[in-house]
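Okay, here's what each chain looks like letter by letter:
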Amino acid sequence: MSDVSIVIPNYNGMSCLEACLRSVSEQTGVSLEMIVVDNGSSDGSRNYIQEHFPQCVLVCLDQNYGFCRAVNEGIRRAKSPYVILLNNDTEVRPDFAAHLLRAIRRDRRRFSCAAKMLQYQNRELLDNAGDFYCALGWGITRGRGRPSAEYSRGSRIFSSCAGAAIYRKELLEKLGGFDDAHFSYLEDLDLSYRARIHGYYHWYEPEAQVFHIGSATSGSRYNRFKVLHSAGNNVYLIYKNMPFLQMLLNAPLLIAGFSIKYLFFMKKGMGKDYRNGLLRGIRLCRDHPDKKVRFRVGHAFNYVKIQMELWKNILLLVRM
C-alpha cells in the first residue's frame, strides 16, 4: 500500500498537465499513488496522460460534473489511508507530499493540512495560506499577495484549500466527502466547516509548497461562472452548517455582507449574476434538506467555538 494517494481533477487542462504530473511523479520521501480524474475533457488530455504518464490511474467521466464529483470519484478509488487533493494548474516541490503527510500524522484531530500555495509567476508571493470564514458570510483567503516569508510558521486555520491539501480518507468517508451539489467553489469550506462541527481542526503547513497558476479552468478571478456558483454555494453553506438559532444570531451581519457583495458586483457589471447565484443557493437549500447538518447537543461547545471565530475573523478583513 502507498503512503498517500494524490488525486488530481482535470478538465481541459492540457496546458498545465505536464508540469503538474511531472512534479508529482518526482516526489521524494513517500510512496504514492497518482489518480487523475478527467471531467470529460476534449483537448486531448486523456491520451496525453495515458501516453506520457502510464503510472497514473486515469478515471474518465463522460462529462464535466464539477470539482466535487471528480475528487469524490478519486477518493473512492484511493488505496492509501491519506489523500492529497491537488489542482491540475500547479507545480509542487519534491518534498511537498512528505511534509503534508508528516503534518497530518502529528495529531489525530487534524482533519486536513493545507500546503503553502505560491503564485506561479511570482514565487515570492503567496496565493493561499489557508482560508477563513467570517460572520459576514465571506470566505477569506489568508495571505494572498503577501510575501511568502510572512507565513513561514504553521498554524490553525478555519479551512484548507482543497487545491493543495491532505486529508485522512477515513474521516472524509465518515463526513460524506465533498457535497456534489456545490459543483465547484466553497466546497472545501463546507467540508472544513462540517469537520469543525465534529470537533476536528485544520492546519497550515508552510513546508509543503505549491506553485499555483490560478483560475486555469474557469478564467479570471471574477467571472460570471464563479460569481454565480460562489454566491449560491455560500447561501447553501450557511443553511447546511448553521443551526437556526445561529443563523438568527448572525442574520444582521450576513445581510450586511451579502448586500456589500451585491453592490461590489453591480459595479463590475455582474449584479444580475450575483442575484441569480443567490436564487440558485435558495434552490439548493430547498432541494437538499437531507444534507443539512443536524444539531447535536454533544457538538454545542464546537458551535460556540466556531461562532467566536466567525466574529473574530471579521477583524482579519480590517488588517488586510
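Up top is the structure these notes are about.
Reading guide: rules and limits
- Residues numbered from 1 in each chain as written.
- Predicted model: local features only at pLDDT ≥ 70, side-chain atom pairs only at ≥ 80, totals over all residues.
- Heavy atoms only, no water.
- Helix = DSSP H or I, 4+ residues; strand = E, 2+ residues; numbered from the N terminus.
- Buried < 20%, exposed > 50% of the residue type's maximum accessible area, 1.4 Å probe, protein only.
- Lys, Arg positive; Asp, Glu negative; His and termini not counted.
- Salt bridge = Lys/Arg side-chain N within 4 Å of Asp/Glu carboxyl O.
- Contact = heavy atoms within 4.5 Å.
- Core = buried A, V, L, I, M, F, W, Y, C linked by side-chain atoms within 4.5 Å.
- 1 Å grid on protein atoms, 1.4 Å probe; cavity = no way out; pocket = protein on both sides within 12 Å on 5 of 7 lines; lining within 4 Å.
- Points joined across faces, edges and corners; volume = space filled by probe spheres on them.
- Nonpolar A, V, L, I, M, F, W, Y, C, P; charged D, E, K, R; others polar.

Sorry if this is basic, but what is going on with the side chain of Glu187 here?
Structurally, Glu187 can be placed in helix H6 (residues 187-197). Although Glu187 is buried, it makes no salt bridge; Arg280 carries the closest opposite charge, 9.0 Å away. If we ignore the near neighbours within four places in the chain, the residues touching Glu187 are Phe67, Cys68, Phe178 and His182.

Sorry if this is basic, but what is going on with the nonpolar core here?
A general feature of soluble globular proteins is that nonpolar side chains tend to end up buried together. Among the nonpolar cores identified, the biggest contains 40 residues, and Tyr133, Phe158, Tyr193 and Leu310 are the most heavily contacted of them. At the level of elements, strand E6 (110-119), strand E8 (131-133), H6, strand E12 (201-212), helix H7 (224-241), helix H8 (244-267), helix H9 (271-287) and helix H10 (300-312) are the ones that each hand at least two residues to this core. With residues up to four places along the chain from it excluded, the contact list for Phe158 reads Asp131, Phe132, Tyr133, Leu189, Ser192, Tyr193, Arg196, His202, Ile306, Glu309, Leu310 and Asn313. Ranked by size, the runner-up nonpolar core spans 35 residues in total, among them Cys20, Leu21, Ala164 and Trp203.

Would you mind showing me how to read the layout of surface pockets here?
To find the voids left in a structure, one rolls a probe of water-molecule size over its atoms. Estimated volume of the second largest pocket: approximately 310 Å³. Residue lining of the second largest pocket: 16 residues in total, with Leu175, Arg194, His198, Lys291 and Val293 positioned closest to the centre. Its residues placed into classes, the lining of the second largest pocket shows three nonpolar, four polar and nine charged.

Could you clarify how one ought to interpret the pattern of salt bridges in this entry?
Where charged atoms of side chains with opposite charge meet at close range, the side chains can pair. All chains considered together, the criterion is met by 17 salt bridges. Notably, a salt bridge pairs Arg76 with Glu73, separated by 3.4 Å at the nearest N-O pair. Of the two residues, Arg76 and Glu73 both sit in helix H3 (residues 66-77), three residues apart, roughly one turn of that helix. Given the relative accessible area of 10%, Glu73 is considered buried. What emerges from the salt-bridge pattern is a single network uniting Asp179, Asp190, Arg194, Lys240 and Lys291.

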